[in-house]
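Remarks on the overall topology
Chain by chain, the residues run as shown.
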Amino acid sequence: MRTVIAGGHGQIALRLERLLAARGDEVSGIIRRPEQSGDLLAAGAEPVVCDLESATVEDVARHLEGADATVFAAGAGPGSGAERKETVDRDAALLLADAAEAASVRRFLVVSAMAADASLAGPPAGMDPVFAAYLRAKGAADDAVRARAALDWTVLRPGRLTDGAGTGLVRLAESTGRDEVTRDDVAAVLAALLDEPRTAGRTLELIGGTTPVAEAVAAAR
């Protein structure tokens, strides 16, 4: 299987690249900065330098040619303002979806966020306005991807991310309630979702739990 990961230098993406490369898959990571290439090579991934904030659909589609699946794991990241939540977390996801359609890559995974909601008019009391913009952008991207009949999409919405060692035990369902999950376990679930096309058309929340990853993904079909 060949998988192309947008946001290839992200913390979840690098973990996913290592998992896919270790099992013998071909994996490429789309990155914005050439100096990040070494980290991808160390993870077993082919670095593809392409700025999703300025690239065209045709540019990105060329990088997807021959792929079996693509994963949107990009994000503007901490410290970015509301504008980049729109240009990266929303617009880049839609660009990748357009490119996947153009390159006839049907399997499309999205790393979203719990409580992402495009209709969030303003930050609830106590919520940081930039974080609210992030949830709106993620929600808008999710809605747009889910409207694509040409894509076999799955939207994954993890809980609060941590850097602890993965346990391999999760809870994966349409609604899980709020809790945390390790980035290791998010990557493991993404790898398993790539192997289970019958999860297409599902929006799934993910937190730490008691069910082995393979069983949790099989039950989410």
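Because the structure is a prediction, the values reported are computed rather than measured.

Okay, the pattern of salt bridges next. Counted by the stated rule, this structure contains 20 salt bridges. Notably, a salt bridge pairs Arg2 with Glu26, separated by 3.5 Å at the nearest N-O pair. Taken together, the residues Arg2 in strand E1 (residues 2-6) and Glu26 in strand E2 (residues 26-31) connect sequence positions 24 residues apart. The partner of Asp152 in a salt bridge is Arg106, with the nearest N and O atoms 3.1 Å apart. Pair noted here: Asp152 is in strand E6 (residues 152-158) and Arg106 is in the loop between helix H4 (82-102) and strand E5 (107-111), with a separation of 46 residues, a long-range link. Take Asp152: its relative accessible area is 27%, and that puts it in the partly exposed class. Residue classification places Arg106 among the partly exposed residues on the basis of a relative accessible area of 40%. Among the charged side chains, a network of salt bridges with common partners joins Arg15, Asp163, Arg183 and Asp184.

We now examine the side chain of Ser80. For Ser80, the location among the structural elements is in the loop between strand E4 (69-72) and H4. Judged by its relative accessible area of 13%, Ser80 falls in the buried class. A distance of 2.6 Å separates the side chain of Ser80 from the backbone oxygen of Gly77, its partner in a polar contact. Of note is the side chain of Ser80, whose polar atom sits 2.8 Å from the side chain of Lys85. The residues touching Ser80, leaving out its near neighbours within four places in the chain, are Lys85 and Val130.

Glancing now at the layout of surface pockets. The calculated volume of the largest pocket comes to roughly 1,400 Å³. As for the largest pocket, its lining consists of 48 residues, and the residues nearest its centre are Ala74, Gly75, Ala76, Gly77 and Pro78. Breaking the lining of the largest pocket down by element, the ones donating at least two residues are helix H1 (11-22), E2, H4, helix H5 (129-146) and strand E7 (160-162). Grouping the amino acids of the lining of the largest pocket by side-chain chemistry returns 24 nonpolar, twelve polar and twelve charged.

Let us look at the packing of H1 against helix H6 (residues 183-194). The geometry of H1 relative to H6 is characterised by a closest axis approach of 8 Å and an angle of 55 degrees between their N-to-C directions. Put simply, H1 runs oblique to H6. Once H1 is placed against H6, the crossing between them reads as right-handed. In contact with Gln11, Ile12, Arg15, Leu16, Leu19 and Leu20 of H1, H6 contributes Arg183, Asp184, Val186, Ala187, Ala188, Leu190, Ala191 and Leu194. Residue composition of the contact of H1 with H6, by class: ten nonpolar, one polar and three charged.

Among the structural elements, Leu135 can be located in helix H5. Sequence-distant contacts of Leu135, defined by excluding residues within four places in its chain, comprise Ala113, Met114, Ala115, Ala116, Asp117, Ala118, Leu120 and Met127.

Turning to H6, a few remarks are in order. The end-to-end C-alpha distance of H6 is 17 Å, a good match for the 16 Å that twelve residues give at a rise of 1.5 Å each. The element H6 is largely enclosed, with a buried count of ten among its twelve residues. Among the residues of H6, those classed as buried are Arg183, Asp185, Val186, Ala187, Val189, Leu190, Ala191, Ala192, Leu193 and Leu194.

The topology assignment puts Glu46 in strand E3 (residues 46-49). Along the backbone, Glu46 and Thr87 are 41 residues apart, and their C-alpha atoms lie at a distance of 25 Å.

Turning next to the pairing of E5. On a regular strand, one side chain projects to one face of the sheet and the next to the other, so that they alternate. Judged by how many residues are buried, E5 sits mostly within the fold: five of five residues are covered. The alternating pattern of E5 places Arg107, Leu109 and Val111 on one face and Phe108 and Val110 on the opposite face, and all of these are buried. Sheet topology note: the E4/E5 ladder contains four bridges and is parallel. Bridge pairing in E5 links Val71 to Leu109. Regarding topology, H4 serves as the crossover connection from E4 to the parallel E5, and that connection is right-handed.

Let's shift gears to the nonpolar core. Leu156, Leu172 and Val189 are the most contacted members of the largest nonpolar core, which totals 34 residues. Among the elements that line this core, the one with the most residues is H6, at eight residues. With residues near it in sequence (within four places) discarded, Val189 still touches Leu156, Val170, Leu172, Leu206, Val213 and Val217. Residues Ala55, Ala76, Leu95 and Ala100 belong to the second largest nonpolar core, which totals 31 residues.

The rules behind the values
- Residues numbered from 1 in each chain as written.
- Predicted model: local features only at pLDDT ≥ 70, side-chain atom pairs only at ≥ 80, totals over all residues.
- Heavy atoms only, no water.
- Salt bridge = Lys/Arg side-chain N within 4 Å of Asp/Glu carboxyl O.
- Helix = DSSP H or I, 4+ residues; strand = E, 2+ residues; numbered from the N terminus.
- Buried < 20%, exposed > 50% of the residue type's maximum accessible area, 1.4 Å probe, protein only.
- Polar contact = N/O pair within 3.5 Å; in protein donor to acceptor, adjacent residues only side chain to side chain.
- Contact = heavy atoms within 4.5 Å.
- 1 Å grid on protein atoms, 1.4 Å probe; cavity = no way out; pocket = protein on both sides within 12 Å on 5 of 7 lines; lining within 4 Å.
- Points joined across faces, edges and corners; volume = space filled by probe spheres on them.
- Nonpolar A, V, L, I, M, F, W, Y, C, P; charged D, E, K, R; others polar.
- Axes fitted to C-alpha atoms, helices over the stretch in contact; angles between N-to-C directions.
- Parallel < 35°, antiparallel > 145°, perpendicular 65-115°, else oblique.
- Left-handed = near helix turned anticlockwise from the far one by under 90°.
- Expected span 1.5 Å × (residues − 1).
- Pairing = 2+ DSSP bridges.
- Right-handed = clockwise from strand over helix to strand, strands pointing away.
- Core = buried A, V, L, I, M, F, W, Y, C linked by side-chain atoms within 4.5 Å.

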